[in-house]
Amino acid sequence: MGDRDEEEELQMALRMSLHGSPPAQPEPKRSKPPSPAGESPEAEARRKQRELMAAAAEKRLRSVPSPATVVLPPPTVGAEQTSAPEAAKEDVKVESEPTVVPMEDVKEAEMAAEVEVEVEVEEEKEGEELPPDVAEKLWVMVFGIGVSKAVLAQWTNQGIRFSSDAETTMGLVQHEGGPCGVLATVQAYVLKYLLFFSDNLGNPEVSDPSYASGQRRFYQSSFAARDDFSSLTEDGKTRALVHAMVEILFLCGAGKKAAVALIGGVNRGEIDAALEGLSVESAMDLQKVLRISTFTSRKDAFHLLLSNIRLFESRLGAMLFLISSLLSRGLECIQADRDDPSQPLVTAPFGHASQEIVNLLLCGEAVPNVFDGKMDLGGGMSLKGIPNDVEVGFLTLLESLNLCKVGQYLKRPKWPIWVVGSESHYTVLFALNPNVQEENELEERESKIRRAFDAQDQSGGGGFISVEGFQQVLRDSDINFPSDKLEDLCNPGIIVWSEFWQALLQLDKRSGGMKDPTGLMGKKQFTIYHFNGIAKSVLNGNANIGGLTPIQRPRICKLNVSVPPRWTQDEYLADVVSSSTSGSKDDSVLSLAPPFQTCQHAPLVDCIRTRWPRAVCSWVGDVPSIV
């Protein structure tokens, strides 16, 4: 009886030490009487095991940071004896406890205690191997047959990690040319969380659409309001990255599942050393080391990715995340999404991520086109585009060259963040204020009035209407001219659009006209940022003759954008833009950019104009580069 009592007390002490703080002190129980001389070998073994467990518990208690202390009950003389049935229950309980402490060594007992703590926080499993045929299919789908070593080098030497430069600390740095499509898209989602969910980064389920829908209101993080990216913390950036990864993987898994690809047998503290000699040059190489864990819980996926984030920051990070996205979608679904599944997703000869990869990460489907929905070609054939609205969008230089047409789903995402594509590279464009997405109120007003005017135009498009039709236009459009102005317009017997429009420009907006009290007359002004993650070398000395090593840093550019309304005359697009605009800071007019004089041009401006036609841009410093 005494043996069981003392074993139970020691087991309780061990459990209390593992949880960090003791529960309420149990009622005193009868302790074991002194051991008789000449105890049996079995009794001696049990006594040694209890001593080892007690030593492990004591050391564990000393490592707990809280001041709470476990106090074992002292021996109590005359305490009530434990009944036989209770003793039997205790006996079963003690026997069911896993014996993880060897009897020979106290150090091993302490290690066993550590193992139990890790079990308590549910350390992730090793994951499952890919079957050889699936690994082969995955490899060919991504790289094709006969992939060059140069392309493999790009994809096996690119981690997902933040820039160490203070100015671009919120950005993912790219050293290799191929994986930019993956990095830029992940970057776009990271910015979503840093800019608009910074107060919720501690919530592992913030990436759930049901949660985010309740947050679809405008607010800025503290660093965004101050335009100070250097104030970001490492923990905040890491959590934003993990949330971005979770959202993308569940998006690929249709919101139901996410697959996470890891490298098996890698100690978290020795990732670089473990990967130093690892070569991934074939499907067989990949199959040997790849381990896949599948989750239906965003919380579980978040914790696994957070605990393994150093692996994704390592040189295999970009490739592991691409594989995770493909397996989350499912290889069969990936091939069904594509118009031509015979081509590899990583394009030859330069190893760039295809538009299918970018679209997979943006909308959850590996479709090859950027227009909305499907394009019916007849005969049962169609081309697949973006199926629905997206969180972050996409703009491309190719549209400005009339080589494609980006649909409204990608041009008008839920958040003011866009991946920007050129002929050979992907970068990111973003705004701190979601109001840049709002429509121009006066342009909408102009369109409504013009439709009402055209409905009364009986001249076959001549641009004039009768007085009776004019009165109907005024009623349909809620326009209230002063009586003298109305008489001047109606005197000729017909109303010409050009004269009507000039009168509207002089009529206050409150009376249904187009005169803007801010003085902007429909012009929209805002600030937007462009981030290019590919590192640009800055030489400090001559490296060839023993000088300092070149510094590599990404590039960020702040652009002031002015978007004139549709009716603006051609001089609005001249090199010199009038600066006689109001200094109002009214949020309804957006956060106004500082007045600027010079209209500058770069390929990025052509991309911006696919979203905001007639946009005029200026910046300070180097020309923003999209290559």
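Preceding block: the structure.
This report concerns the structure included in the present document. Every chain's residues receive numbers from 1 upward, in the order its sequence appears when written. This being a predicted model, a pLDDT of at least 70 is required before a residue's local features are given, and a value of 80 or more before pairs of side-chain atoms are given or counted; all residues contribute to the totals for chains, interfaces and linings. Hydrogen atoms and water are omitted, and side-chain values are computed over all heavy atoms in the structure.

Side note on the overall build of the protein chain
Quick note on the threshold: Helix and strand definitions here come from DSSP, where helices need a minimum of 4 consecutive H or I residues and strands a minimum of 2 consecutive E residues; each element is numbered from the N-terminal end. Exposure categories follow from relative accessible area, calculated using a 1.4 Å probe and restricted to protein chains: below 20% of the type maximum is buried, above 50% is exposed, and the middle band is partly exposed. In what follows, a contact means two residues having at least one pair of non-hydrogen atoms within 4.5 Å. All accessible areas in this document rest on Shrake-Rupley with a 1.4 Å probe, and a residue is counted as covered only by the protein chains that are shown.
Helix and strand content of the protein chain: 24 helices and 14 strands. Expressed as a percentage of the 627 residues in the protein chain, the buried residues total 47%. Within the protein chain, contacts between residues at least 6 apart in sequence are counted, and of these 70% link residues at least 24 apart. Accessible surface for the protein chain amounts to roughly 30500 Å². Of this, 52% is attributable to carbon and sulfur atoms.

Quick word on the packing of helix 20 (residues 441-456) against helix 21 (residues 467-477)
Rules: Axes, fitted as lines to C-alpha atoms, cover a helix only where it is in contact. Angles between the N-to-C directions of the axes lie from 0 to 180 degrees. For classification, angles of less than 35 degrees are called roughly parallel, those exceeding 145 degrees roughly antiparallel, those between 65 and 115 degrees roughly perpendicular, and all remaining angles oblique. Left-handed describes a crossing in which the near helix is turned anticlockwise from the far one by less than a right angle; the clockwise case is right-handed. Under the scheme applied, nonpolar residues are Ala, Val, Leu, Ile, Met, Phe, Trp, Tyr, Cys and Pro; charged residues are Asp, Glu, Lys and Arg; polar residues are all the others, including Gly.
Interhelical geometry of helix 20 versus helix 21 gives an angle of 150° and a closest axis separation of 9 Å. Our classification of the angle between helix 20 and helix 21 gives roughly antiparallel. Along this stretch, helix 20 crosses helix 21, giving a crossing that reads as right-handed. Counting all contacts with helix 20, which are made through R445, K448, I449, A452, F453 and Q456, the residues of helix 21 involved are G469, Q472, V473, D476 and S477. Counted by class, the contact of helix 20 with helix 21 contains four nonpolar, four polar and three charged residues.

Considerations on empty space enclosed by the protein
Rolled over the atoms, a probe sized like a water molecule indicates the empty space that remains. Under the convention used in this document: In this analysis the probe radius is 1.4 Å and the grid spacing 1 Å, with only protein atoms considered; a cavity is a set of points the probe fits into but cannot get out of, a pocket is an open set with protein on both sides within 12 Å along at least five of seven lines, and lining residues have an atom within 4 Å of a point. Grid points are joined across faces, edges and corners, and a volume is the space filled by probe spheres set on the points.
Considering all chains together, one arrives at four cavities of 30 Å³ or more under this definition. In this structure, the largest cavity occupies an estimated 70 Å³ of space. What lines the largest cavity is a set of 13 residues, and nearest its centre among them are L172, L183, A184, F531 and G533. Going through the elements one at a time, helix 7 (180-196), strand 9 (426-430) and strand 12 (524-538) are the ones with two or more residues in the lining of the largest cavity. A total of four residues in the lining of the largest cavity trace back to one element, the largest contributor, which is helix 7.

A closer look at the nonpolar core
How we decide: Residue types Ala, Val, Leu, Ile, Met, Phe, Trp, Tyr and Cys, when buried and joined through side-chain atoms within 4.5 Å, form a set referred to as a nonpolar core.
Ranked by size, the top nonpolar core spans 102 residues in total, and within it F321 and F430 carry the most contacts. Top element by residues in this core is helix 7. It accounts for 13 residues. Dropping the residues within four chain positions of it, F321 is found in contact with I160, V182, V186, M245, I248, L249, F312 and L361. Residues L395, L429, L559 and V563 belong to the second largest nonpolar core, which totals 23 residues.

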